[in-house]
Every structure is written in C-alpha cells, then in structure tokens.
Amino acid sequence: MLDFIQQLVSGVALGCIYGLIALGFVLIYKTTEVVNFAQGELLMLGGFFAFTFIALLGLNYWIGFALAVVCMAAFGAASERFVLRPVLGSPQFSIVMATVGLGFFLRSVAGMIWGTDDLKIDTPFSTGVLRIGDLVLAHDKLSVIVATAILCIALYLFFTKTQLGTAMRATSENMLAAYYMGIPVKTVVSLTWAISAAVAACAGVLLAPITFIHSNVGLVLALKAFPAAVLGGFGSIPGAVVGGIIIGVIENMAGFYLAQGWKDVAPHIVLLTMLLLKPEGLFGHIGRKKV
Amino acid sequence: MRFIFKTDYDQDIRIFKHSGYWYSYSILLLVLAMAPFVLGNYLQSQLVFVFIYATVGISLLILVGFTGQASLGHAAFLAIGAYTSAYCQQHGVPFVVYFPLAGILTGMVGVLVGFPALRLQGIYLVIATISFGAIVEEILARWESVTHGNEGMKLRTLELFGQAVPRDSPGFYFLCLAVLILVILATLNLLRSPTGRAFVAIRDSETAAKSMGIDVAAYKVRSFGISATITGLAGCLYAHKLSFISPEMFTLLLSIEFIIVIIIGGIFSLHGAVLGAIFIVMIDPFLTTLKDDLPGMIGNLVHVFGADVPTASKVQDQAASIASAPGLKGAIYGLIIVGFILFEPTGLYGRWLKIKLYFQTFPMYKAATFKRQKTYVKSERNR
C-alpha cells in the first residue's frame, strides 16, 4: 500500500510536468489551431536558461527562475512572430511541420551551446523530504505538484477575470469575429505564445532537479504530453492537466507493476484507446458544422 | 511554349501528356542506366538510397498529398517491411516470395491502422500515427523471438533466381530503380483512375466527396493500405541495402525525414517525391564536403578582404569549430524545413515549374501567377 501511494505521488508529479507541457499545447491550439511540436523544446530551453542564470551566473534561485520565464516568454513571442505568423492560413499540416522544424533547430542549437551532458541545477527543493508517517515524499516532486496547482489557478483567473484573457478566449472562439470586435488578434496570438512558452519554462525549471536537463529532454517529454493533451480533449485547459496526471500515474504504475517495456508504451496505448472510444477526449467537445 | 492540340478526350488522362515527355524521360532513363558504370561506389550507393526514399516519398504522397491524411508513422511501416524480409530470409524463404509478402503484410497493418484513423482528422491523426510508430518501435525491441530485440537482425546477400545480388552491385541498383519506376507508373495509373480521383476529392472536401456518393471510409482505408504496401516494399529493399536493421533505426525522426522529403520536393506532384529524395540523400555528402572546405574558404576570404594572416587563421579555426560542432546537421535540417515552408511552400518541383514558365513565356512572365492565396484559418473544430 505504501509503495502504491509512493508511486502515485511520483506519478502525479511526473503527470504535472506532462500536464504543463500539454497546457502549452492547448493554449496555442485554442487560439490558432496550431499544434506546437516545439513545445518540448521550449521546456528544454527554459531549463537551460535557468541553468545559465542560476548555475553559471550564480543568481538567486527565484531571480533566475523569474528571469528564465521572462526570457522564454519573449522567445515564444518572437518565434510566433517570425516563424508562425507568415504561414498562418496555409494548410495545417505544413504549419505543424514548421513547428517540427523549429524544434529540430532549437534542439541542435541548444546542444551546440550548452553541450550534450546532463546539467543539474541546485534548487531549494533538491534535497529535502517530507515525512508523513512511513510515507516519504521528496520536496522536488511536491514542488512540481504545488506549482502546477498555482499556475492553473493563476491561468484560470487570468482567462476569466481579466480583459486580456477575455480577448484571448474570444480570439480562440472565432478569429474573424474577434477582428471585427476590435481585438488586436495578432498581438493576442503573440501573447498566447508568450504565455505558453512561459508555462513551458516553469515546467523546465521545476523538472530540473527530477530529471536532469539535456538537449533531448523536450522531445521525450513532449511525446508523452501528446497523449495527455488528447486524453483531456485538445482544447480544454483543465483537461490538459487532468490528462497529464492520468498519463503520468499510468506510466509510473505500468513501470512499477508491469514487465519492462510497458512503461513507455502504456501512454500510447491509452491514447489510441481514447481516440477510438471518445476522440473528443474527457473534457473536450467537437462542434458540428451545418453544411 | 508548346500548345497541345487536343483531338481526343483520352488525351487528358494520358500518363505522358505529349511526345516531348517520351524523349526527355528516355534520356533520363538512359542516363540512370549508365550511372552505375560511370559513378563511383559511394555515389551509386547514394543513388540507391535516393530510389528507396523516393519510393517511400511516393507512398506518403498518395496518403498525405492526394488523400489528405497526415501520417508521422511511416517509419513503422518501413520497419514492418524490413523485419518481415529479415525474418523470412532467415527461414529460407526466397526473395521472390518475401518481397511481395513484405508489401502485403505491411499493407494489412496499414489497413488496420486505417480503420481507427477513420474517426480522426488533422492533428489527431498525426498524433495517433506517432503513437502507432512508438508502439511498433517498442514491439520490435521486445519481441525478441522474432526480431532479436535491440541486437538487431543481419540480412544475408539478396538472392534473386539463384543469383546473388550484393548490395553494392549494379544489379541491386537496377532492382531498386525498377521498383521505383514500377511504383511511379502504378501510382500514376492509380491517380487517373476513379480511386485516385476519389482520393483527391476526399482531400479537397470530405463533405463534398460524401455528397457525390464517394464512400469516404472505404477510400481512406484503401489509401492507408496502398501507402503502407509501397512502404513495405521499400522497407524490404532498405533492409537489404543496410544489411543490418535494429529498432532504433525506425524512430519518429525517420518518419519526419520522410515527411521532409515530400515537403521539400513539393506535395502536389509525384516529381516532388523524387526531387525531395535527391535533396535529402545528397545533402549529407554535400554537408560533409562543406564542413571540410568551408572554413578554409572563409579564412581565405577574410584574408582577401585585408585581414592579416593571424586574424584570418583565427577566423578559420572559429569556422572549423562551428562546422564540426555535434548536432549541426539537425540545426541545418530544421532551418531547411522552416525555410521551405516559409519561402517555398510548393517545394522544389514548384520552383521548377516557375522557372519553366518563366522561360516559356519569356518576356511576359508574371510573378503573380503563383502568388500564394492567404485564407483565414479554417477551423477544424467544427466539422
């Protein structure tokens, strides 16, 4: 039983990371219907930025964290401006491939700048543990769970209570109508990319003590985050996080209780089953168009 | 400019639109037939890879370009073809049997993938095929009694009618060329048939296709099946060419590479697959020579522009260190993909058409002929 809870908590922590990446997918998908295959690379870059600020420049953890998030937000907006905006309106598959190309590029360039070794950041959560009875929970995993909860609440408040959030929701509902209502759609789309890159950066920094940062970490995680996003219904923000947690728990349980090899396949099997039974996901809905 | 005088409705569906094509393609065929006797071993082997990549590219064009169904799982189909051949060869099945068998088996798997894909559109299909690829890769690594797991499988020399065809021989080259030509002809024939027209109709609008009485589901599954079959055949040749296969060769990156082939070549015509394959396969030796020669050239250039010798050699060292950095190839790949999508969305074949039209209409060429039409994002959420 204790093992079970232990696995559950680390599964939830892992799932929160998947959820945060999936959240980035969903934010971008909702506004522009583009699936950003470079989301994992944004996470990786966030981690590398944090490493540069904290380990190389010796800044305080929190300052380095904040700087990494700000830098990544700017980077996300810039990549939207220079890569995605020119192709907006062309077939979806070519847009997807443009993000794949962006991911390739970022991965290689990061490998060239920061090397191919595993990098490690010393964080306040790296070592401590929390004991509840016999249960031992590492601080790094708890920090991921808490941060995900905080981020979700902040995003929820942002989207429902602020004017900008409302403008973003309007853009995602209908871009053309949003134009007519005077919403600066291009700026809104850039901002969406900025937010999603910032979320990815948060995930990257939080992940740093759990799995080390290396240039391929993004690809590995993003491939698991797709099932998470689909499970929650592509386009639903709470769905992304819930889907991420489910995938994380399933993966961890499969790794612990099943034979070797199931761990990596389990999320994909869940995804395919979900697509067969309920393609719209747990929280999503697919509208019908009248012809 | 050539004006074709049409005297017959059949002219519209002829594979060769006019006699000029007969001449140009015969010359191309002649050149390709002489190539193995003229070129060195390395270039001949690269050409074989061009043929194999082009075959996969054509199978992808049928699915992605003409039926409009995205796939990032073709490496898995290739793997199934390759492993079928390897397994059959180890059990003494002759090539003439296991070559078609690799195609048929892969085609059956393709149909099986096609059925779930019926309910999926756009991005969901991309993700589902990625998952399919990941699952196949894991199966190959774990099903050790058949695939030998991560140790991989070795293939013996191909034997055709009792005659050994080593993988570097002109014989193997001609085998791959013949397969490519047959696949191209079959595909051209397919695309002018009702099936091919149904594929294109589904790509352009599923609703419209449905209302014209096209059984969308059946044709989508058929498209998956045909595409997978061709990829399986290519997989058999690929396995023989490499003579060793292991699961980590057939990852998502290979699928992406195949997609790059058709994006670079041009997604609307079969020429695209061949041009893209040439580009992707030949970029490797090109980059290698560039890596060796470019730093020296930059150093000389700096020297010509008035820098003294130490500065020039320093610049040369800098350039050399950048050129030999690991992962440079990935960065260049990424730049190529993004560059083509941004600036040349119709690919190399589109560029060729533009150049051709420029000379055909020489003083009258209008750049606006190929101007890209921008549309608002068509929502995929409401269909």
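For every chain, the first residue of its written sequence is number 1, and the numbers climb from 1 along that sequence. Key to labels: chains lettered from A, ligands numbered from 1, both in the order written. pLDDT decides what is reported in this predicted model: residues at 70 or higher carry local features, side-chain atom pairs at 80 or more are listed and counted, and totals for whole chains, interfaces and linings draw on all residues regardless. The basis for every side-chain value is the complete set of non-hydrogen atoms in the structure, without hydrogens or water.

Asker: Help me get a handle on the overall build of chain B, residues and values and all.
Answerer: Counting its regular elements, chain B contains 15 helices and 4 strands. Both definitions apply: the radius of gyration is a C-alpha atom measure, and the globule rule equals 2.2 Å times residues to the power 0.38. Against the compact-globule benchmark of 21 Å for 383 residues, chain B has a radius of gyration of 23 Å, which places it among compact chains. Its C-alpha atoms put chain B at 75 × 60 × 50 Å along the principal axes. Once the 29 positive and 21 negative side-chain charges of chain B are each reduced to a mean point, those two points are 11 Å apart. Here a strand is any run of E in DSSP of at least two residues, a helix any run of H or I of at least four, and the numbering for each starts at the N terminus. In this count, Lys and Arg are taken as positive residues and Asp and Glu as negative ones, while His and the chain termini are left out. For this purpose, a charge sits on NZ of Lys, CZ of Arg, CG of Asp or CD of Glu.

Asker: Now, about the packing of helix α3 (residues 74–90) of chain B against helix α11 (residues 252–265) of chain B: what can you tell me, with residues and values included?
Answerer: Residue and element names in this part refer to chain B. The convention used is that axes are lines fitted to C-alpha atoms, helices contributing only their stretch in contact, and that angles between N-to-C directions extend from 0 to 180 degrees. Where α3 meets α11, the closest approach of the two axes is 7 Å, and the angle between their N-to-C directions is 110°. It follows from the interaxial angle that α3 and α11 lie roughly perpendicular. Residues His74, Ala75 and Leu78 of α3 form the contact with α11, whose participating residues are Leu254, Ser255 and Phe258. Residue composition of the contact of α3 with α11, by class: 4 nonpolar, 2 polar and no charged. An angle below 35 degrees is read as roughly parallel, one above 145 as roughly antiparallel, one from 65 to 115 as roughly perpendicular, and any other as oblique. By the convention used here, residues are in contact when the closest approach between their heavy atoms is within 4.5 Å. When residues are grouped by polarity, Ala, Val, Leu, Ile, Met, Phe, Trp, Tyr, Cys and Pro land in nonpolar, Asp, Glu, Lys and Arg in charged, and all others, Gly among them, in polar.

Asker: So what about the interface of chain B and chain A? Which residues, and what values?
Answerer: Tallying the contact residues gives 48 residues for chain B and 54 residues for chain A. Carbon and sulfur atoms make up 73% of the surface buried where chain B meets chain A, a total of about 4,500 Å² over both sides. Salt bridges, as used here, are contacts in which a Lys or Arg side-chain nitrogen is within 4 Å of a carboxyl oxygen on Asp or Glu. If you look at where chain B meets chain A, you find 0 salt bridges. Polar contacts here mean pairs of N or O atoms no more than 3.5 Å apart (in protein, one a potential hydrogen donor and the other a potential acceptor; neighbouring residues in sequence count only if both atoms are side-chain atoms). At the surface where chain B touches chain A, the tally comes to 2 residue pairs in polar contact (both at pLDDT 80 or more). Counting only elements with at least two residues in the side of chain B that touches chain A, the list comes to α5 (122–142), α11 and α14 (328–343) of chain B. Top element by residues in the side of chain B that touches chain A is α5 of chain B. It accounts for 12 residues. Here the buried area means the combined drop in accessible surface, using a 1.4 Å probe, for two parts upon being joined, counting both sides.

Asker: Hey, could you go over the domain arrangement of chain B for me, with residue numbers and the actual values?
Answerer: All names here are of chain B. Under the domain assignment, chain B is made up of domain 1 (36–280) and domain 2 (284–367). Relative to domain 2, the C-alpha centre of domain 1 lies at a distance of 31 Å. Facing the 15 residues of domain 1 at the interface are 13 residues of domain 2. Carbon and sulfur atoms make up 76% of the area that domain 1 and domain 2 hide from each other, which totals about 1,200 Å². On the domain 1 side of the contact with domain 2, Ile263, Ile264 and Phe268 bury the most area, a combined 36% of that side's loss. On inspection of domain 1 and its partner domain 2, the count reaches 0 salt bridges. Either an automatic procedure or a domain database provided the assignment from which the domain bounds are taken.

Asker: A description of helix α4 (residues 95–117) of chain B should follow, citing residues and the corresponding values.
Answerer: Because an α-helix completes one turn every 3.6 residues, residues spaced three or four positions apart along the sequence face the same direction. Residues and elements named next belong to chain B. For α4, built from 23 residues, the straight-helix expectation of 33 Å at 1.5 Å per residue is met to within 8% by its first-to-last C-alpha distance of 32 Å. Among all positions in α4, only Phe95, Tyr98, Phe99, Ala102, Gly103, Thr106, Gly107, Gly110, Val113, Gly114 and Ala117 are buried. Structurally, α4 contributes buried residues whose contacts are with α3, α5, β2 (158–160), α7 (170–191) and α10 (216–242). The length a helix should cover is 1.5 Å for every residue beyond the first. Three exposure classes are used, based on accessible area relative to the maximum for each residue type with a 1.4 Å probe and protein chains only: buried under 20%, partly exposed in between, and exposed over 50%.

Asker: An account of the pairing of strand β2 (residues 135–138) of chain A is needed here, citing residue identities and associated values.
Answerer: Residue and element names in this part refer to chain A. The side-chain alternation of β2 yields one buried face, formed by Leu135 and Leu137, and one unburied face, formed by Val136 and Ala138. By the convention used here, strands pair only if DSSP detects at least 2 bridges between them. The pairing of strand β1 (residues 129–132) with β2 spans 4 bridges and is antiparallel. By the bridge assignment, Val129 is partnered in β2 with Ala138.

Asker: Now, about unusual backbone geometry: what can you tell me, with residues and values included?
Answerer: Here the phi dihedral of Ser243 of chain B falls at roughly 60°; this positive angle occurs in a residue that is not glycine. Inspection of the secondary structure puts Ser243 of chain B in the loop between α10 and β4 (244–245).

Asker: For the packing of α11 of chain B against α14 of chain B, give the residues involved together with the corresponding values.
Answerer: All names here are of chain B. Viewed as axis vectors pointing N to C, α11 and α14 meet at an angle of 40°, and their least axial separation amounts to 10 Å. Read as a crossing pair, α11 and α14 show a hand that is left-handed. Residue-level inspection shows Glu257, Ile260, Ile263 and Ile264 of α11 in contact with α14, the latter providing Tyr333, Ile336, Ile337, Phe340 and Ile341. Residues that form the contact of α11 with α14 fall into these classes: 8 nonpolar, no polar and 1 charged. Crossing chirality is assigned from the near helix's rotation relative to the far helix, an anticlockwise turn below a right angle marking it left-handed and a clockwise turn marking it right-handed.

Asker: Lay out the packing of aromatic side chains with the relevant residues and their values.
Answerer: To describe a pair of aromatic rings, you give the distance between the ring centres and the angle between the ring planes. Pairing of aromatic side chains requires ring centres within 6.5 Å, counting the rings of Phe and Tyr and the six-membered ring of Trp. Pairs whose planes differ by under 30 degrees are stacked, by over 60 edge-to-face, and all others tilted. Applying the stated criterion across every chain, the model contains 30 aromatic pairs over all chains. For the pair Phe37 of chain B and Phe174 of chain B, a centre-to-centre distance of 6.2 Å together with 40° between the ring planes defines the contact as tilted. Residue Phe37 of chain B is found in helix α1 (residues 19–38), and its partner Phe174 of chain B is found in helix α7; the two are separated by 137 residues along the sequence. Judged by relative accessible area, which is 61%, Phe37 of chain B ranks as exposed. Here Phe199 of chain B and Tyr219 of chain B contribute two aromatic rings whose centre-to-centre distance is 6.2 Å and whose plane-to-plane angle is 85°, an arrangement assigned as edge-to-face. With Phe199 of chain B in helix α8 (residues 194–204) and Tyr219 of chain B in helix α10, this pair connects stretches of sequence that are 20 residues apart. Take Phe199 of chain B and Tyr219 of chain B: they sit in the same class, and that class is buried. Members of the aromatic cluster, connected to one another through ring pairs, are Phe48, Phe49, Phe53 and Trp114 of chain A. Whether a charge sits over a ring depends on NZ of Lys or CZ of Arg being within 6 Å of the ring centre and within 35 degrees of the ring normal. Here the basic side chain of Arg81 of chain A rests over the ring of Phe82 of chain A, its NZ or CZ set 5.7 Å away from the ring centre.

Asker: A description of the nonpolar core should follow, citing residues and the corresponding values.
Answerer: Only buried residues count toward a nonpolar core, which is a set of Ala, Val, Leu, Ile, Met, Phe, Trp, Tyr and Cys residues joined through side-chain atoms within 4.5 Å. Phe25, Phe37 and Phe234 of chain A together with Tyr53, Ile123, Ile245 and Phe250 of chain B are the most contacted members of the largest nonpolar core, which has 198 residues in total. Looking at which domains feed residues into this core, each of domain 1 (36–280) and domain 2 (284–367) of chain B gives three or more. Dropping the residues within four chain positions of it, Tyr53 of chain B is found in contact with Tyr238, Leu254, Glu257, Phe258, Val261, Ala277, Ile280 and Val281 of chain B.

Asker: Can you explain a nonpolar patch on the surface? Please cite residues and give values.
Answerer: All names here are of chain A. There is a patch of nonpolar side chains on the surface, built from Met1, Phe4, Leu8, Phe256, Tyr257, Leu258, Trp262 and Ile269 and spanning about 800 Å² of accessible area. Listed by contribution, the elements that provide at least two residues to the nonpolar patch are α1 (2–32), α10 (237–257) and α11 (262–277). On the basis of relative accessibility, which here comes to 41%, the residue Trp262 falls in the partly exposed class. Like-charged residues within 9 Å of one another, or nonpolar side chains (Val, Leu, Ile, Met, Phe, Trp, Tyr) within 5 Å, are grouped into patches, provided each residue has over 30% relative accessible area and no salt bridge. Every accessible area reported is derived by Shrake-Rupley at a probe size of 1.4 Å, with residue values counting cover from the shown protein chains alone.

Asker: I'd love a proper account of the environment of Val87 of chain A, names of residues and values included.
Answerer: Position of Val87 of chain A relative to the elements: it lies in the loop between α3 (61–84) and α4 (92–114). Val87 of chain A sits 11 residues away from Ala98 of chain A along the chain, and the two C-alpha atoms are 8.5 Å apart. Once you skip the residues sitting within four places of it in the chain, Val87 of chain A turns out to touch Ile95 of chain A together with Ile341 and Leu342 of chain B.

Asker: So what's going on with the side chain of Ser79 of chain A? Which residues, and what values?
Answerer: Residue and element names in this part refer to chain A. Here Ser79 shows up in helix α3. When its relative accessible area of 6% is taken as the criterion, Ser79 is described as buried. Within the structure, the side chain of Ser79 is placed 2.9 Å from the backbone oxygen of Gly76, a separation counted as a polar contact. The residues contacting Ser79, other than those within four sequence positions of it, are Leu84, Leu102 and Trp193.

Asker: I'd love a proper account of the environment of Leu254 of chain B, names of residues and values included.
Answerer: Residue and element names in this part refer to chain B. Looking at the element boundaries, Leu254 is found in helix α11. A residue is classified by how much of its surface remains accessible, and Leu254, at 7% relative accessible area, is buried. Along the sequence, Leu254 and Thr106 sit 148 residues apart, while their C-alpha atoms lie 17 Å from each other.

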